[in-house]
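Fold and geometry: a report
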Amino acid sequence: MTQLLKGATGVLVLADGTVLQGIGVGATGQALGEVVFNTAMTGYQEILTDPSYMSQILAFTFPHVGNVGVNVEDVEQMGGGAETAAVGAIFRDLPTDPANWRADGSFDAWMTRRGVVGLAGVDTRALTKAIRDKGAPHAVIAHDPEGRFDLDALAAKARAWTGLVGLDLAKPASTLQAFEWNEGVWDWPDGYPTVAGGRSVVVVDYGVKRNILRALASTGARITVVPATTSAEDILARDPDGVVLSNGPGDPAATGAYAVPEIKKLVASGKPLMGICLGHQMLALALGARTVKMDQGHHGANHPVKDLTTGKVEIVSMNHGFTVDRDSLPATVVETHVSLFDGTNCGIAVKDRPVFSVQHHPEASPGPTDSLYLFDRFAAMMA
């Protein structure tokens, strides 16, 4: 039954019936997804446009959001709106007005245009602790300026959702046709430069971020992006110097139903191969390992990871809800990176082939640039 909540124009209703009330921001309506928290202090626009967050509702642990506004340059997804990235966002405080020279609009208005349903005035610390202890819940986030919500119906909707396990989201997040890319990383004061490419790299798009393509291009790569369902034969027919398996949303085992057989052929070809995030997980599946769903996942720009090949500890950007079961790695694979938060696998390499992958996002958008060297490592393999 619809009821009027006094003073509340937004709610988050969990599958167990828990209701968090606050002030609705962004788009009106409702959105269904898995609630996760992100610990980054900056980069809210890049975070909300990362396709790896598809079908998820983000709770920002940093309380102040909106002060740098938004701009067209910092969108990370290649196209689309909330349907192929984060569907909702939760804040401690109301988003502030923009106060940055690069801003070309306000955060609230941008969320409305994108279709992102927002909720402010929530105790995000308590929500984060609950996710930490109980796992990422299924929920519906809703915004109604009149404050009218059918809480029982919203809870039932959250309970009925089957979640991310078994869900292939790479296809809807992927490009529909191949295209070329030649934009490099940000260069002050000129912005994103056009770069002349040399070695040919095919990027398989499972939900690729623009800054991954920029980082690759800045190593001197000539990039062709192809759809997630592209066959290994079509990729190899382009005679690339290397292949990159991109990040993306959803269950790697579900996407792997059609992607893993092609990845096996790419590994067998002997071409240099690099996997990132979802690409890392599916490469592991292709090599004989397993993936499992995590309770909370890793989401933020401040995660410590150790590179076991150098002994160096890096602070990296993370965004994943599934992980590679390190105990399932075959003898032909060596573990190269590990999370210092929980010991989960963050990187692998094949012993007798130029093939490696990492769980974190080395393109760092947002986040530190500690792992940008991985793109140079890949370029060296192609050389």
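It should be noted that the structure appears before, not after, this text.
Residues numbered from 1 in each chain as written. Predicted model: local features only at pLDDT ≥ 70, side-chain atom pairs only at ≥ 80, totals over all residues. Heavy atoms only, no water.

**Thoughts on the packing of aromatic side chains**
In plain terms, the rule: Any two of the Phe, Tyr and Trp rings considered here, Trp counted by its six-membered ring, make a pair once their centres fall within 6.5 Å; the pair's planes then place it as stacked at under 30 degrees, edge-to-face at over 60, or tilted in between. The helix and strand labels rest on DSSP assignments: H or I over at least four residues marks a helix, E over at least two residues marks a strand, and numbering proceeds from the N terminus. Classification of residues uses two cut-offs on accessible area relative to the type maximum, computed with a 1.4 Å probe and protein chains only: under 20% is buried, over 50% is exposed, and between them is partly exposed.
Applying the stated criterion to the full structure yields six aromatic pairs. Taking 5.8 Å as the distance between ring centres and 70° as the angle between the ring planes, the aromatic pair formed by phenylalanine 91 and phenylalanine 107 counts as edge-to-face. Taken as a pair, phenylalanine 91 in the loop between strand 6 (88–90) and helix 2 (107–114) and phenylalanine 107 in helix 2 lie far apart in primary sequence, 16 residues in all. Accessibility expressed as a relative area gives 0% for phenylalanine 91, which makes it buried. By the ring-pair criterion, three or more aromatic residues cluster together here, those being Tyr44, Phe60, Phe91, Phe107 and Trp110.

**So, helix 10 (residues 373–382)**
We apply this condition: It is the directions from the helix axis to the C-beta atoms whose arc is reported. Should any heavy atoms of two residues lie within 4.5 Å, those residues are considered in contact.
When helix 10 is considered as a whole, its buried residues turn out to be Leu374, Phe375, Phe378, Ala379 and Met382. Down the axis of helix 10, the smallest arc covering the buried residues is 145°, so these residues share one side. Residues of helix 10 that are buried sit in contact with strand 11 (199–205), helix 6 (210–217), strand 13 (242–245), strand 14 (273–276), strand 17 (333–339) and strand 19 (355–358).

**Concerning the packing of helix 8 (residues 252–269) against helix 9 (residues 278–286)**
Note the following rule: As a rule, the C-alpha atoms of each element are fitted with a line to give its axis, helices using only the stretch in contact, and angles between N-to-C directions run from 0 to 180 degrees. Every angle not falling under 35 degrees, over 145, or within 65 to 115 is termed oblique; those three ranges are roughly parallel, roughly antiparallel and roughly perpendicular. Note: crossing handedness is left-handed where the near helix turns anticlockwise from the far helix by less than a right angle, and right-handed where it turns clockwise.
The contact between helix 8 and helix 9 brings their axes to 8 Å, and the two run at 70°. The orientation of helix 8 relative to helix 9 falls into the category roughly perpendicular. At the point where helix 8 passes helix 9, the crossing takes the right-handed sense. In this structure, helix 8 uses Pro252, Ala253, Thr255, Gly256, Ala259, Val260, Ile263, Lys264 and Val267 to contact helix 9, whose residues at the interface are Leu278, Gln281, Met282, Leu283, Leu285 and Ala286.

**Here's the deal with helix 6**
The buried fraction of helix 6 amounts to seven of the eight residues, a majority that puts the element mostly inside the structure. Inspection of helix 6 places Asn211, Ile212, Leu213, Arg214, Ala215, Leu216 and Ala217 among the buried residues, and these make up the whole buried set. Packed against the buried residues of helix 6 are strand 10 (179–181), strand 11, strand 12 (221–227), strand 13, strand 14 and helix 10.

**Digging into a nonpolar patch on the surface**
Threshold: Grouping into patches uses exposed residues only, defined as over 30% relative accessible area, and leaves out salt-bridged ones; the cut-off is 9 Å for like charges and 5 Å for nonpolar side chains (Val, Leu, Ile, Met, Phe, Trp, Tyr). Every accessible area reported is derived by Shrake-Rupley at a probe size of 1.4 Å, with residue values counting cover from the shown protein chains alone. Salt bridges are identified by distance alone: a Lys or Arg side-chain nitrogen within 4 Å of an Asp or Glu carboxyl oxygen.
On the surface, a nonpolar cluster with roughly 440 Å² of combined accessible area is contributed by Trp101, Trp186 and Trp188. Among the secondary structure elements, tryptophan 188 is positioned in the loop between strand 10 and strand 11.

**With respect to the nonpolar core**
Put simply, the test is: Throughout this description, the term nonpolar core refers to a set of buried Ala, Val, Leu, Ile, Met, Phe, Trp, Tyr and Cys residues connected via side-chain atoms within 4.5 Å.
By size, the foremost hydrophobic cluster in this structure holds 39 residues, and its most contacted members are Leu12, Phe60, Ile90, Phe91 and Phe107. Aside from chain neighbours lying at most four places away, what touches phenylalanine 91 is Val25, Phe60, Val65, Phe107, Met111, Leu119, Ala120, Gly121, Val122 and Thr124. By size, the runner-up hydrophobic cluster in this structure holds 31 residues, among which are Leu266, Leu283, Val333 and Val350.

**Comments concerning unusual backbone geometry**
For the peptide bond that leads from serine 365 to proline 366, omega is 5°, which places it in the cis range. Tracing the sequence through the fold places proline 366 in the loop between strand 19 and helix 10. Located in the positive-phi region is aspartate 239, a residue other than glycine, with phi close to 50°. Mapped onto the fold, aspartate 239 is located in the loop between helix 7 (232–237) and strand 13. The exposed category is assigned to aspartate 239, whose relative accessible area is 53%.

**Some thoughts on the sheet that holds strand 7 (residues 117–120)**
Cut-off, in case you're wondering: When DSSP finds at least two bridges between two strands, those strands are taken to pair.
Read around the closed barrel, the seven strands follow the order 2-3-7-6-5-4-8; overall the barrel is mixed. When the angles between neighbouring strand axes are averaged without regard to direction, this sheet yields 35°. In this structure, strand 4 (residues 29–38) lies alongside strand 8 (residues 138–143), joined through six bridges in antiparallel fashion. Across the sheet, the residue bridging to glutamate 34 is histidine 138, located in strand 8. Strand contacts of helix 2: strand 3 (19–26), strand 6 and strand 7, with the helix running at about 95° to strand 3, the strand carrying the most contacts. Across the face of the sheet, helix 4 (residues 151–160) comes into contact with strand 2 (10–14), strand 3, strand 4 and strand 8 while running at roughly 45° to strand 2.

**A few points about the sheet that holds strand 19**
Read from one edge of the open sheet, ten strands run 10-12-11-13-14-19-18-17-15-16, paired in mixed fashion. A single partner strand is all that each edge strand has here, and the edge strands are strand 10 and strand 16 (312–324). If you compare each strand with its neighbour and ignore which way they point, the axes differ by 25° on average. Across the sheet, helix 8 is in contact with strand 13, strand 14, strand 15 (291–307) and strand 16; its angle to strand 13 comes to roughly 170°.

**Details of the pattern of salt bridges**
What the rule picks out here adds up to 14 salt bridges. A salt bridge links glutamate 183 to arginine 214, with the shortest nitrogen-to-oxygen separation between them at 2.8 Å. Taken together, the positions of glutamate 183 in the loop between strand 10 and strand 11 and arginine 214 in helix 6 put the pair 31 residues apart, joining distant regions of the chain. Overall, the relative accessible area of 24% leaves glutamate 183 in the partly exposed class. Note on arginine 214: relative accessible area 3%, which makes it buried. Measuring nitrogen to oxygen at the nearest pair gives 3.6 Å for the salt bridge that ties lysine 265 to glutamate 262. Placement of the pair is lysine 265 and glutamate 262 together in helix 8, with a separation of three residues, close to one helical turn. The exposure class assigned to glutamate 262 is buried, which follows from its relative accessible area of 17%. Here the salt bridges share partners, and the residues they tie into one network are Asp50, Lys209 and Glu363.

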